[in-house]
Amino acid sequence: MEKCVLMTDLKKLHKAIVEGDAKTAVEVTKAALAEGAKPLDLIQNFMIPAMDEVGKLFEEEEYFVPELLLSGRAMRGAFDLIRPLMAAQGVQPTGRVVIGTVQGDLHDIGKNLVAAMLEGAGFEVTDLGADVAPEKFVEAVKAKNANIVAFSAMLTVTMPKMQTTIEALKAAGLRNQVKVMVGGAPISQAYCDQIGADAYSDTASGAAAIAREIVVNQKVSAQFAEKGEKTLAGIAAAGKGTK
Amino acid sequence: MSKEKIFRNLAVSGPQDLIFGFAPKPVKCGFDLTIGAGTVFPEVNFTLPVMDVSTKTWPEVIAHYEEMATNILKRAVAMKVPGIVLEFEQLPQMTETPEWGAEITALLERHLKQNYEKYGLRGAARITPADIRGPAGVKGVKPVMRHGELWEKLNRSFDLCIAAGGDLISIESIGAKEVHDEGLMFGDVRAIVFALGVLACRDMTWLWSQIVDKCEKSGHSVPAGDTACGFANTSMVLAYQKLLPDVVAAVDRAMAGVRTLKAVECGAKGPSKDCGYENPIVKAISGIPISQEGKSATCAHFSHVGNMSSTMCDLWSNESVQNIRLLSGNAPEAYTELLAYDVRLMNIANEKKQGKIFQSWMIESDQNVSAIGTILAPESVYTIAKAIVAEETDYLRTVAAGKAALDIIQKSVDKKNLNLGKKELQWLERLHKEFANLPKDENVLAEEIFGTMGHLFDPECYGLKVAAAAAK
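Residues numbered from 1 in each chain as written. Chains lettered and ligands numbered in written order. Predicted model: local features only at pLDDT ≥ 70, side-chain atom pairs only at ≥ 80, totals over all residues.

A. Examining the overall build of chain A more closely. A count of helical and extended segments in chain A gives 11 helices and 7 strands. Looking at chain A as a whole, 52% of its 243 residues are labelled buried. A separation of at least 24 residues holds for 73% of the contacts in chain A among residues at least 6 apart in sequence. (Helix = DSSP H or I, 4+ residues; strand = E, 2+ residues; numbered from the N terminus. Buried ≥ 20, exposed ≤ 12 C-beta atoms within 10 Å, placed from the backbone. Contact = placed C-beta atoms within 7 Å.)

Okay, structure coming up:
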């Protein structure tokens, strides 16, 4: 692979993302691209490792949510510059997730955290918000060709809507093409199993890790690769030498 | 029309006047119940087990409420409680179909009446419609607060529940939550202050003026109060999960006091609602009785202030528990017993003139465990309340409450009473700087926040004129 020598110090991109400094992250990315840096190199060697570090700091309770989200914002700022170049090269996001709080439930902070962690992990996230009817989930899964649909519920009386939504996905013939993740204060692994969902996590960072595992296990990257396409999941996995 | 009465002085002469069971302005309600006149009563809150709420399941829902009301009051009589409040916190579906909420209100009133007539059990029902306005949390949709189908349903829910005999009328209103949530998530102090001190206070004034009017016209319902559940409880719960700094949650709690006070300035009489941990500030300023939750609400909330929160309460609540089977009976009746023991201790302490001693143990138990505990001790509450009434506008009062809380936390850290970790101390320092840089003029902040978060809220829904919005 041809190595491009840059004047721009790309360690600053890593640092800016870890420190949640969106302005610097954007400036460094802009300068690097102007010098001919390869978008994949920026993502693989600087942006994803930076967000991995942020995720670790959050997991170890060294970071609070604001630091996590500011890092995510810095990552997105840099990625927005790269996205058009990636699309031109046919690179796909890690995966596509549709997320929302189920019908009748207005609690959305936990769901927002999961959405932020998924975005940080390179997923294209469609956030439907709170109080989402089953048919809205179905429409969005169809429209976005989602790999994963994630439901959140905070109330015991809205938990049954998770099952109703799974039934709606089945009725629409979508259940086999999308994995269902569930979470929220009253939800448990047992409940996940009981309603026929595919995965459960009790933390936001855990949800992102599970989502990554799902897309890798789905062999989505392999499927895309067969078609001559690349994915961020594949790149991330290859870069880390895992799975 | 707003009949706002702005408090310029405190209702108590010092922290020594803040004690459980006694409020400067007791409230009479329901079936011969007087709250805040020297006795603490249990307030039992209960909800459905895992089930769908729909037309199809409605008979089952009613059966649950019949069972819960019967068993709670039976246990209350057995425990010889001096009186009781039942709280019916409506699920969104019960406010969206106002007749449903009213049906359960009438059911609870019937049970309270029967127990009063048969056993002399004094009691009242607190009815809390769900604030379904907005809708909140829908991506890309700015909440609509003052008109539309959702507001009409909420408005009708108040009317029907009052007509059904509701004794105490409350709500956990959510005006400005869309900005406050974003502020919390990004640790953006300016957004948090703007949400609480400008938008939320405006919404409270608009909403509570109407609730008070409705209650006054009814002749029997008491406009009880609101809570910053969607605000400071969100930050508190996130802080306990180590997702937000404890110092942010503590400052947020102090500032929420100004917002919750607005209901009283519009005519609410108390008791303010249980999950408003900021209520002691409201009590110190206005003198109304308050409900609180803590160590006996672990079924619903985790907190570090389970003893502290009881130190100034007039009603003592379990927050919420599902109607599920336990060995001693169903959970709501089991929690009734738990609350009965708690209030019995508090009342005996007061009867023996040893309430302050008992209170001091509960303060000491929690004061230095967390920053929230530090700012909720009676002396801190008194200091924050004084800082609030010294300022003129809601915005300046909110800033003053935040600064007072910061000073209290800093002093406690400096004296090595409160032990905060490195990250918390960094945030404490950051908060000092952020508060020092807040503009004096709320309009300056309004323009700024509209510039950064204008996609989240509609200023007109808060009766707010923003030049940048008008220019669009």
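Text resumes after the structure shown.
B. Representation of the nonpolar core in the model. Among the nonpolar cores identified, the biggest contains 231 residues, and M47 of chain A together with I384 and A405 of chain B are the most heavily contacted of them. The leading source of residues in this core is helix α6 (residues 189-218) of chain B, at 17 residues. Two domains each put at least three residues into this core: domain 1 (11-89) and domain 2 (96-217) of chain A. The contact partners of A405 of chain B, leaving out residues within four places of it in the chain, are A250, V251, A254, I375 and I384 of chain B. (Core = buried A, V, L, I, M, F, W, Y, C linked by C-beta atoms within 7 Å. Domains from an automatic or database assignment.)

C. Spatial organisation of unusual backbone geometry. Residues and elements named next belong to chain B. Cis rather than trans, the peptide bond between G270 and P271 has omega equal to 0°. When you line up the elements, P271 lands in the loop between α8 (246-265) and α9 (279-286). One non-glycine residue, E319, lies in positive phi territory at about 70°. With respect to the helices and strands, the residue E319 is situated in the loop between β9 (315-317) and β10 (325-326). Overall, the presence of 25 C-beta atoms within 10 Å leaves E319 in the buried class.

D. Spatial organisation of the interface of chain A and chain B. Listed by partner, the interface residues are 22 residues for chain A and 26 residues for chain B. Sort the elements by how many residues they give to the side of chain A that touches chain B and helix α4 (residues 65-88) of chain A lands first, with 4 residues. Of the residues in the side of chain A that touches chain B, the class split is 12 nonpolar, 5 polar and 5 charged. (Nonpolar A, V, L, I, M, F, W, Y, C, P; charged D, E, K, R; others polar.)

E. Inspection of the domain arrangement of chain A at higher detail. All names here are of chain A. When its domains are assigned, chain A resolves into domain 1 (11-89) and domain 2 (96-217). Across the boundary between the two partners, domain 1 contributes 12 residues, which contact 7 residues of domain 2. Mapped by element, the contributors of at least two residues to the side of domain 1 that touches domain 2 are α3 (39-59) and α4. For the side of domain 1 that touches domain 2, the residue count by class is 8 nonpolar, 2 polar and 2 charged.

F. Here's a closer look at the pairing of strand β4 (residues 148-152) of chain A. All names here are of chain A. Across the 5 residues that make up β4, a large majority, 5, are buried. Side chains I148, A150 and S152 project from β4 onto one buried face, and the interleaved V149 and F151 project onto a second face that is buried too. Relative to β4, strand β2 (residues 96-101) runs parallel, the two being bridged by 5 bridges. The residue of β4 that forms the bridge with V97 is I148. Once you follow β4 into helix α7 (residues 160-171) and on to strand β5 (residues 179-183), the crossover reads as right-handed. (Pairing = 2+ DSSP bridges. Right-handed = clockwise from strand over helix to strand, strands pointing away.)

G. Here's a closer look at the sheet that holds β2 of chain A. Residues and elements named next belong to chain A. In spatial order, the strands read β3-β2-β4-β5-β6; together these 5 strands make up an open sheet with parallel pairing. Either end of the sheet is taken by a strand with one partner, and the two such strands are β3 (124-127) and β6 (199-200). Sheet analysis places β4 next to β5, joined by 5 bridges and oriented parallel. By the bridge assignment for β5, A150 is matched with M181. Lying over the sheet, helix α6 (residues 134-144) contacts β2, β3 and β4, oriented at roughly 165° with respect to β2. (Axes fitted to C-alpha atoms, helices over the stretch in contact; angles between N-to-C directions.)

H. Seen up close, helix α16 (residues 442-453) of chain B. All names here are of chain B. Between its first and last C-alpha, α16 extends 16 Å over 12 residues, near the 16 Å set by a 1.5 Å rise per residue. Within α16, burial applies to E442, L445, A446, I449 and F450. Along the long axis of α16, the arc covered by the buried residues comes to 135°, so they all point the same way. For α16, the exposed residues set more than 90 degrees away from the buried face come down to V444 and G451. (Expected span 1.5 Å × (residues − 1). Arc of directions from axis to C-beta.)

I. Region of interest: the pairing of strand β3 (residues 41-45) of chain B. All names here are of chain B. When you tally the buried positions in β3, you get 5 out of 5 residues, the bulk of the element. Covered by surrounding structure in β3 are F41, E43 and N45 together with P42 and V44, the residues of both alternating faces. Sheet analysis places β3 next to strand β4 (residues 84-89), joined by 3 bridges and oriented parallel. Looking across to β4, one finds that E43 is bridged to V85. In this region the chain leaves β3, passes through helix α1 (residues 58-78) and returns to the parallel neighbour β4; the handedness of that crossover is right-handed.

J. Representation of the confidence of the model for chain B in the model. With 98% of its residues at a pLDDT of at least 70, chain B reaches an overall mean of 95. Both scores are given for the predicted complex: the pTM is 0.89, the ipTM 0.87. (pLDDT = per-residue confidence, 0-100.)

K. Examining helix α2 (residues 22-34) of chain A more closely. All names here are of chain A. If you check α2, its first and last C-alpha atoms are 18 Å apart, about what 13 residues at 1.5 Å a residue would give, namely 18 Å. Along α2, the residues that are buried comprise A25, V28, T29 and A32. Buried residues of α2, viewed axially, fall in a sector of 100°; they line one side. In α2, the exposed positions angled more than 90 degrees off the buried face are occupied by K23 and A34. Residues of α2 that are buried make contact with α1 (11-18), α3 and α4. Following α2 by one or two positions, G36 has its phi on the positive side, about 95°.

L. Examining the sheet that holds strand β6 (residues 168-170) of chain B more closely. All names here are of chain B. Spatial ordering of the open sheet is given by β7-β6-β5-β4-β3-β9-β8, a layout of 7 strands whose pairing is parallel. If you trace the sheet from one side to the other, it starts and ends with β7 (222-225) and β8 (291-293), each paired once. Going from strand to strand, the sheet's axes swing by 30° on average, the running direction of each strand aside. Together, β3 and β9 form the strand contacts of helix α10 (residues 331-351), whose direction differs from that of β3 by roughly 160°.

M. Main features of the packing of α4 of chain A against helix α5 (residues 109-120) of chain A. Residue and element names in this part refer to chain A. In the contact formed by α4 and α5, the axes pass within 9 Å of each other and the chain directions differ by 40°. The pairing of α4 with α5 is recorded here as oblique in orientation. Judged by the sense of rotation from one axis to the other, the crossing of α4 with α5 is left-handed. Of α5, the residues touching α4 (which contributes V65, L68, L69, G72, M75 and R76) are L113, A116, E119 and G120. Of the residues in the contact of α4 with α5, the class split is 6 nonpolar, 2 polar and 2 charged. (Parallel < 35°, antiparallel > 145°, perpendicular 65-115°, else oblique. Left-handed = near helix turned anticlockwise from the far one by under 90°.)

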